[in-house]
Amino acid sequence: MDACNAVEDEVDKVLQKITGIKDHAERVLGDITNHVESLKKEMDEAPPDHELTAAQILIMKEALSKVRETVQCLAGDHRDIHTTICKFGRAIDRNFDSDFASVSREDVFSGPDQVQLLNQVVCQHFYRHGMLDIADELAREAGLKSEEGHKEPFTELNHILDCLQQKDLRPALAWAVGHRESLAAQNSSLEFKLHRLQFIGLIQEGASRQNEAIQYARTYLSQFVRSHEKEIQNLMGMFLYLPHGVNKSPYNHLLDPNLWSEIYDVFTRDACSLLGLSVDSPLSVCINAGCTALPALLKIKHLMQQRQVAGIWNGKDELPIEIDLGQENRYHSVFACPILRHPSSDSNPPMRLVCGHVISRDALNKLVSSNKLKCPYCPVEQNPAEARLIYF
């Protein structure tokens, strides 16, 4: 972020410089143009056989001299802009490292199986975002198997999301009704929120559609009285202010346009959960995580090279530092051994002792003495063979 701020400051300097020179050039060129046009007008008005007087010749020479000075001045300003832009380029090179090879591993996608997996991930990303033609072409060129089964749910979801963006609730309502039992099993309120928006749309059209709104509430909202009693009471309260305008009532918050953004997110989350999909595609998650982690990785790699300790980073399944990708990118529990202060791994998994305390396998091996183990947290002595592997 500091690098971005530093480059942004340089951008502001360049823009200020360009704006100042542009204003100066327009002003000077305007003056010169007006002066030359006035001289031309005087010459046009003179008789055809008129000879320039000494004073007129002097005025013409001064005008030509002023034009040359102006051109030289503008050329100097142009060179000055070029110098400033060159400094801006150096600022980018100084603040951003373009050599990413030091933190990449070429062997990750070196085999045909890895390349095939990458193509599948990219293809699925295109399907998820409705780019069906691109996905089909990629699948054909990469030799992927037909993904018709994967394509259909994405096609339907993208159509519904497009309709929601256009404030058309009908496809989403039909989908929610068709999956009512599954949505209820995961405690989803999607169907109620869709009906609520449809009801609010009728209310917004004024008293002329009051009867239709009442009928809609009786037909669709009544089934949610038990689960959303308070919300339905608020919706019914809107009828009291319908003649004078709901936007001036205590219920004007129900007309907030952000409700459409909310229903878009709710539908995406619940539909993906129902289909066993993540809200974001794996490709998007990987790219966002990589962009977040890249500055820290470049910095630690640079420090390692300076101190000649690059061997610490063994390039396997671990990083030399902890990188926080944010709460939204935390998917798995990580156990850190309270004794050795190291995170668990496949070769060093967490082990549950007989007393109930959990330590890593490496810590367990270090604490074993004469085929006995004393828990570091309580005085219980036990057989290390009785420790059990824990899976998070």
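Residues numbered from 1 in each chain as written. Predicted model: local features only at pLDDT ≥ 70, side-chain atom pairs only at ≥ 80, totals over all residues. Heavy atoms only, no water.

*Asks:* When you look at the sheet that holds strand β1 (residues 350-352) in this model, what are you seeing that I'm missing?
*Replies:* Two pairing modes exist for strands in a sheet, parallel and antiparallel, and in both the strands are linked by backbone hydrogen bonds. Across the sheet, which stays open at both edges, the three strands sit in the order β2-β1-β5 with antiparallel pairing between neighbours. The open sheet is flanked by β2 (358-360) and β5 (388-389), the only strands paired with a single partner. (Pairing = 2+ DSSP bridges. Helix = DSSP H or I, 4+ residues; strand = E, 2+ residues; numbered from the N terminus.)

*Asks:* How do you make sense of the UniProt feature "domain: RING-Gid-type" (unreviewed entry) in the chain when you look at a structure like this?
*Replies:* The sites that UniProt annotates as "domain: RING-Gid-type" (unreviewed entry) are residues 337-378. As annotated, residues 337-378 comprises 17% helix and 19% strand, and the C-alpha atoms at either end are separated by 16 Å. (UniProt positions renumbered as here; feature names shortened; annotations may be inferred.)

*Asks:* Please explain a nonpolar patch on the surface as it appears in this structure.
*Replies:* The grouping of V108, F109, V115 and L118 at the surface amounts to a nonpolar patch, some 290 Å² of accessible area in total. Mapping L118 onto the fold places it in helix α3 (residues 112-128). (Patch = residues over 30% accessible without salt bridge, like charges linked within 9 Å, V, L, I, M, F, W, Y side chains within 5 Å. Areas by Shrake-Rupley, 256 points an atom, 1.4 Å probe, with all protein chains shown as cover. Salt bridge = Lys/Arg side-chain N within 4 Å of Asp/Glu carboxyl O.)

*Asks:* What's the story with the UniProt feature "domain: CTLH" (unreviewed entry) in the chain in this structure? I'm lost.
*Replies:* The UniProt feature table records "domain: CTLH" (unreviewed entry) at residues 153-210. Helix makes up 76% of residues 153-210 and strand makes up 0%, while its end C-alpha atoms are separated by 37 Å.

*Asks:* Just to check I follow, could you spell out empty space enclosed by the protein for this structure?
*Replies:* Using a probe with the size of a water molecule, rolled over the atoms, empty space left in the structure can be pinpointed. Applying the stated rule across the entire model yields one cavity of 30 Å³ or more. Surrounding the largest cavity, K193, R196, L197, L259, E262 and I263 form its lining. Listing elements by their share of the lining of the largest cavity, those giving two or more residues are α8 (190-204) and α11 (258-274). Partitioning the lining of the largest cavity into residue classes produces three nonpolar, no polar and three charged. (1 Å grid on protein atoms, 1.4 Å probe; cavity = no way out; pocket = protein on both sides within 12 Å on 5 of 7 lines; lining within 4 Å. Points joined across faces, edges and corners; volume = space filled by probe spheres on them. Nonpolar A, V, L, I, M, F, W, Y, C, P; charged D, E, K, R; others polar.)

*Asks:* I keep staring at the packing of α3 against helix α12 (residues 282-307) and nothing clicks. Help me out?
*Replies:* A pair of packed helices is characterised by two quantities: the angle between their axes and the separation of those axes. Where α3 contacts α12, the axes come no closer than 8 Å and their chain directions differ by 110°. The angle between the axes of α3 and α12 places the two elements in the roughly perpendicular class. Mapping the contact onto sequence places V121, V122, Q124 and H125 in α3 and P282, L283 and S284 in α12. Residue composition of the contact of α3 with α12, by class: four nonpolar, three polar and no charged. (Axes fitted to C-alpha atoms, helices over the stretch in contact; angles between N-to-C directions. Parallel < 35°, antiparallel > 145°, perpendicular 65-115°, else oblique. Contact = heavy atoms within 4.5 Å.)

*Asks:* How should α11 be read in this particular structure?
*Replies:* Every α-helix winds through 3.6 residues per turn, so residues three or four apart in the chain are directed the same way. The first and last C-alpha atoms of α11 sit 24 Å apart over 17 residues, in line with the 24 Å expected at 1.5 Å per residue. Burial in α11 covers these residues: L259, W260, I263, V266, F267, T268, D270, A271 and C272. Immediately downstream of α11, the backbone of G276 shows phi near 75°, a positive value. (Expected span 1.5 Å × (residues − 1). Buried < 20%, exposed > 50% of the residue type's maximum accessible area, 1.4 Å probe, protein only.)

*Asks:* Looking at this model, I keep getting lost on unusual backbone geometry. Mind explaining?
*Replies:* Note: most residues except glycine have negative phi, and most peptide bonds are trans. Positive phi outside glycine occurs at K167, with the angle close to 60°. With respect to the helices, strands and loops of the structure, K167 is situated in the loop between α5 (148-165) and α6 (170-178). Despite not being glycine, N187 shows a phi value in the positive range, around 55°. Relative to the assigned elements, N187 resides in the loop between α7 (180-185) and α8. For N187, a relative accessible area of 72% puts it in the exposed group.

*Asks:* Any chance you could explain the pattern of salt bridges here in plain terms?
*Replies:* Under the counting rule described, the total for this entry stands at ten salt bridges. R209 serves as the salt-bridge partner of E205, at 2.7 Å between the closest nitrogen and oxygen. Since its relative accessible area comes to 46%, E205 is described here as partly exposed. On the basis of relative accessible area, R209 is assigned to the partly exposed category, the value being 23%. Residues participating in the shared-partner salt-bridge network are E137, R140 and E141.

*Asks:* What should I look at first to understand the packing of aromatic side chains in this one?
*Replies:* Given two aromatic rings, their pairing is described by the distance between the two centres and the angle made by the two planes. The final tally for this structure, using the stated rule, is five aromatic pairs. Measuring from centroid to centroid gives 5.2 Å for W175 and F267, while their planes differ by 70°, and the two rings are edge-to-face. Note that W175 is positioned in helix α6 and F267 in helix α11, a separation of 92 residues in sequence. Here W175 matches F267 in class, with each residue buried. (Phe/Tyr/Trp six-rings, centres within 6.5 Å; stacked < 30°, edge-to-face > 60°.)

*Asks:* What is the right way to read the nonpolar core from this model?
*Replies:* Ranked by size, the top nonpolar core spans 37 residues in total, and within it L164, W175, L190, L194, F199, I203 and F267 carry the most contacts. At the level of elements, α5, α6, α8, α9 (210-219), α10 (229-237) and α11 are the ones that each hand at least two residues to this core. A total of eight residues in this core trace back to one element, the largest contributor, which is α8. The residues touching L164, leaving out its near neighbours within four places in the chain, are L169, A172, L194, W260, I263, Y264 and F267. Among the nonpolar cores identified, the runner-up in size contains eleven residues, and I359, A363, L364 and C378 belong to it. (Core = buried A, V, L, I, M, F, W, Y, C linked by side-chain atoms within 4.5 Å.)

*Asks:* I'm lost on the packing of α8 against α10 in this one. Help?
*Replies:* Closest axis-to-axis distance for the α8/α10 pair is 11 Å, and the angle between their directions is 5°. Between α8 and α10, the interaxial angle falls into the category roughly parallel. Each of F192, R196, F199 and I200 in α8 lies in contact with α10, whose residues at this interface are E231, I232, L235 and M236.

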